[in-house]
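Chain by chain, the residues:
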Amino acid sequence: MSDHTPDVERRLADALDRIASDAHLTAPSTALARHRAGPDLTGADHEARRPWRRRLALAAAVLVLLVGAGVVVLAVRDREPSEPADPIPPSTSSSPFEVGRVPDGFRLVRADEATRPTTFGSDVEATDEAFTLLSPDGAVGPDVLAVSYLDADYLNAINVADRSDQRELIEVDGVPGSWDTGPDWSDLTLRITPDDPYGPSEVWVRVSSSTRRSREELVAIARATPVPDDPRVAPEMDPAPAGWTVVGGADAVLHASTYAHYGASDRDPLGPAGAHVQVFTGPAGARLAIRTMAPDAVDFEVVGRHPWLRPQAPKVTRVGGREIRTFETDCYDEGCTGIAATELPDRRGVVVLAAYGVEVEALRSIVTSVRPVSADRWNELRAELIGGRDLPPDPGEREVARGRFGDLDWMLQTSSDRDLEFDPGEEIAAFGIDRCLKVSDFDRWCVGDLIGVGGGPGETDAVWSLAFASDDRPPRVLGSLVVVPASVAGDATSIRISGPAIDSAPGEPARPAVDLTADLRPTPTGDGRFAVVPAYVGMAACRPPALTEHPWPWARIVLLDEAGRELDCVE
Amino acid sequence: MDRHGPVLLGGVLAWTTTGAEEERVADDDADRDGTEAAFDALFLDRWDRMVRRAFLIVRSEATAEEVVQDAFAEVHRRWDRIERHEAYLARAVTTGAIRRADRARRERPLHPADDRPDRAAGGDERLTDRLLVEDLLASLAPSARAIVVLKFFDGLTEAEIADQVGCRPGTVGPTVTRALRRLAQEVERP
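Residues numbered from 1 in each chain as written. Chains lettered and ligands numbered in written order. Predicted model: local features only at pLDDT ≥ 70, side-chain atom pairs only at ≥ 80, totals over all residues. Heavy atoms only, no water.

**A look at the overall build of chain B**
And step 1. Of the regular secondary structure elements, chain B holds 9 helices and 0 strands.
And step 2. What you see in chain B, going N to C, is helices and strands ordered as α-α-α-α-α-α-α-α-α.
And step 3. For chain B, the residues scored as buried account for 52% of the 190 residues in total.
And step 4. By sequence separation, contacts in chain B at least 24 residues apart represent 62% of the contacts at least 6 residues apart.
And step 5. Summed over all atoms, the accessible surface of chain B reaches about 8500 Å², with 51% contributed by carbon and sulfur. (Helix = DSSP H or I, 4+ residues; strand = E, 2+ residues; numbered from the N terminus. Buried < 20%, exposed > 50% of the residue type's maximum accessible area, 1.4 Å probe, protein only. Contact = heavy atoms within 4.5 Å. Areas by Shrake-Rupley, 256 points an atom, 1.4 Å probe, with all protein chains shown as cover.)

And the structure:
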């Protein structure tokens, strides 16, 4: 360590104090009142509850990203075409697909079916709202209303709807709501379900007018809006309120998919159930997500018309001699683009793209290169992500273990990259073991950050961590990797892991009781032994901690010799 | 806390309750009031500090508040099963913040490894330190970030840090050392 350490420590502590002190936080009494109003059970992203802060943060973040990139990627390259398009029947759902043209420097990192329906109505920009569009005559004109559901609780309903920062809190016959107007718009939110401070069943409605319709008119619309079975689906306004006609609707999942801050994540792809998604990453954090949806997923006359979202008409553009009809999102983030387009041959579906760092002209070009493929070809594509169906090691690596979890095969390989300082799995890489398993679900399941990470090489601790592959909260867990330094393992040839069932705790998955043994194998570096076990181990402890005091699970790991005798307990 | 059957039926059947039952109901009410008062006191006492700790880990004010709100909700839900509420809260905040930071980092990495912070114009050491520390925090994995925050913001011992972060005590020292080394290199860099 440097001679400057004491000074560095002081300067570090002082800087942390200043950074923490400058945070603008809710006063404890206000926060307590919020807690009293009910815990947030919705899973809503609270970033969305700070409209301006969120916008600034996103803009700054993306600016950093783009400055780092130096350029906005424009060039695209053609990929080798696959076999001629398979005979694929017209689809009433998403088609598996391949992409013939991707931006230079982009790499496919995920090909999957969507698993994550979005939260709804929690974004200040209304980008995740299912909405139904109304107009006086049923045609799209300057005088329209968007009727949408907002996510659950009072605070969210008020904060998300804070369009002008001067919103007026109102009550309508004892029901809470809010009201806001501008030069050429008006906006109302109103709760439409009974008060439910401790449950997620509260539903609010927002009615947005493009022409500054009166408060009374919007209240009447809100009251005519039914309580939904699924608030991610556009409100069923049947019959339409007096004086209004339904133009059409847009569901939340489709809507959010076109916006990069929802749509361009490579983990748990967002989209309607079964939608096929490919995610590419590019230089300096650039991202591109492509998904196909059912032919009727997008009503192009409606989707761009939400009064909050800089209303726009669908466009017809010629790309490479072909006409495509698009809805192009006007993102609020720098570098963010997204479009939905009708392009798949024979109208087998629509293509929806969301990206950071890819200009919309490039997106249009990419759209025209999307081709539907058979399920077999789709699975080939997915298998390519992990090197093939046989789960071979990556080039330059070698297999160190292989096994099966339930109906999934896995393969563990060496890791040539030992320099993972501060990255999840750094301790494991130090033993020459890859931090990810290749798994026959065409994915790589990687160790999570921290959960149960022990000491490092040369220390007298077991090192162990988890494999997981989701951002679910709590995460999905495939299994655990246990690594024991040679100095601790001694003559041990196997381990026995036992622990009680654990309820789900903050950030932690529930776990059934575990009691299993597993063989220890030598690590590639020869300075330890390891085992891959089909269980969530949690935190190792030789003695059971007071369970109610620990928000994370634990397990007892015992070293066994060849005869099955207990040698030591590790933690 | 739920009341017993006869009381739930209200005044009509209240005459059927025994003196002991009425006493128990009164005790339950008193317990509940006491719990709520204790919870409120914990909330008012720890909210600010916990949010600031979480903020240093997740680097977002709103997310920090959400993490702490969730942790308090968990403490509230398990109040009767927890003995050391403050310690449980601290663990839940720390692990919750690490989770959120980890998720955010994987969703949108913002700091390329070769990114270097600018130094403050005019050689303002305090501002330079702040920039360097902010960059250090951004460069650390969330677990390492939490360890640094608990060490230098909260002043906890290695054992306390290991307990709250959920790692082995042996992990704390090397993590702190490496973080300090990295910061020292930046401080000494011309």
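**Description of the overall build of chain A**
And step 1. When its secondary structure is counted, chain A shows 11 helices and 31 strands.
And step 2. Counting only residues that meet the buried cut, chain A has 58% of its 571 residues in that class.
And step 3. With the model as given, the accessible surface of chain A reaches about 22500 Å², and the carbon-plus-sulfur share is 50%.

**Some details on the sheet that holds strand S10 (residues 204-209) of chain A**
By way of backbone hydrogen bonds, the strands of a sheet pair with one another, either parallel or antiparallel.
All names here are of chain A.
And step 1. One open sheet accounts for 7 strands, arranged S7-S8-S9-S10-S6-S5-S11; its pairing is antiparallel. If you trace the sheet from one side to the other, it starts and ends with strand S7 (168-172) and strand S11 (245-250), each paired once. On average, adjacent strands in this sheet sit at an angle of 25° to one another, irrespective of strand direction.
And step 2. In terms of strand pairing, strand S5 (residues 131-135) meets strand S6 (residues 145-150) through 4 bridges, oriented antiparallel. The partner of Thr-132 across the bridge, within S6, is Val-147. (Pairing = 2+ DSSP bridges. Axes fitted to C-alpha atoms, helices over the stretch in contact; angles between N-to-C directions.)

**Focus: the environment of Val-140 of chain A**
And step 1. Of note, Val-140 of chain A is situated in the loop between S5 and S6.
And step 2. For the pair formed by Val-140 of chain A and Arg-305 of chain A, sequence separation is 165 residues and the distance between their alpha carbons is 8.3 Å.

**Let's talk about the pattern of salt bridges**
Should their charged atoms come close, side chains of opposite charge can pair.
And step 1. Summed over all chains, the structure comprises 34 salt bridges over all chains.
And step 2. The closest approach of N and O atoms between Asp-394 of chain A and Arg-444 of chain A, which form a salt bridge, is 3.0 Å. Of the two residues, Asp-394 of chain A sits in the loop between helix H9 (375-385) and strand S19 (399-405) while Arg-444 of chain A sits in strand S22 (residues 443-447), which places them 50 residues apart along the sequence.
And step 3. Judged by its relative accessible area of 25%, Arg-444 of chain A falls in the partly exposed class.
And step 4. Taken together, the shared-partner salt bridges in this structure form one network comprising Asp-7, Arg-10, Arg-11 and Asp-14 of chain A together with Asp-129 of chain B. (Salt bridge = Lys/Arg side-chain N within 4 Å of Asp/Glu carboxyl O.)

**Considering helix H5 (residues 215-223) of chain A**
All names here are of chain A.
And step 1. If you check which residues of H5 are buried, you get Leu-218, Val-219, Ile-221 and Ala-222. On an axial view of H5, the arc spanned by its buried residues comes to 160°, and they lie on one face.
And step 2. Along its buried surface, H5 packs onto S5, S6, S7, strand S8 (175-182), strand S9 (185-191) and S10. (Arc of directions from axis to C-beta.)

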